[in-house]
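Summary of the model geometry
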Amino acid sequence: MAKKIFFMGAGAFECTICGMKYREKSHADACETWCKEHPNTCDPKIAKKSIQE
Ligand SMILES: [Zn+2]
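This text gives an overview of the structure that appears in the document. Since we're looking at a predicted model, the values are computed, not measured. (Residues numbered from 1 in each chain as written. Predicted model: local features only at pLDDT ≥ 70, side-chain atom pairs only at ≥ 80, totals over all residues.)

A closer look at the overall build of the protein
Check the secondary structure of the protein and you find 2 helices and 3 strands. The secondary structure elements of the protein, listed N-terminal to C-terminal, are β-β-β-α-α. The globule rule puts the C-alpha radius of gyration for 53 residues at 10 Å, and the 10 Å found for the protein is close to it. For the protein, the spread of C-alpha atoms along the three principal axes comes to 30 × 20 × 15 Å. For the protein, the proportion of contacts with a sequence separation of at least 24, taken over those separated by at least 6, is 25%. (Helix = DSSP H or I, 4+ residues; strand = E, 2+ residues; numbered from the N terminus. Rg over C-alpha atoms; globule rule 2.2 N^0.38 Å. Contact = placed C-beta atoms within 7 Å.)

Considering the sheet that holds strand 2 (residues 10–14)
The strand order across the open sheet built from 3 strands is 1-2-3, with neighbouring strands paired in antiparallel fashion. Two strands in the sheet have a free side with no partner beyond their single neighbour: strand 1 (3–7) and strand 3 (21–22). Two strands pair when backbone bridges link them, and strand 1 and strand 2 are joined in this way by 5 bridges, in the antiparallel orientation. From the neighbouring strand, Lys4 faces strand 2, where its bridge partner is Phe13. (Pairing = 2+ DSSP bridges.)

Considering helix 1 (residues 25–37)
Helix length check: helix 1 (13 residues) gives 19 Å between terminal C-alpha atoms against 18 Å at 1.5 Å per residue, within 8%. Those residues of helix 1 that sit buried are His27, Ala28, Cys31, Glu32 and Cys35. An end-on view of helix 1 places all buried positions within 140° of arc, on one side of the element. Turned more than 90 degrees from where helix 1 packs its buried face, Ser26, Lys36 and Glu37 sit exposed. (Expected span 1.5 Å × (residues − 1). Buried ≥ 20, exposed ≤ 12 C-beta atoms within 10 Å, placed from the backbone. Arc of directions from axis to C-beta.)

Regarding the nonpolar core
Counting 10 residues, the largest nonpolar core consists of Ala2, Ala12, Phe13, Cys15, Met20, Tyr22, Ala28, Cys31, Cys35 and Ile46. Looking at this core, the elements with two or more residues in it are strand 2 and helix 1. Broken down by element, the residue count for this core peaks at 3 residues, all from helix 1. (Core = buried A, V, L, I, M, F, W, Y, C linked by C-beta atoms within 7 Å.)

Below, the structure written as structure tokens:
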């Protein structure tokens, strides 16, 4: 389950596997699902929605 975090002044969600951060919980959950099935890769469609640091 994606972890609720506080990032750059607003609530966000973090994939607990790869650590990418998202504003939408559904995106963070989708990232986790991907990370479980495809370790050490990122789905570009999901990664595009991540928050850049
Ligand atoms: Zn991930």
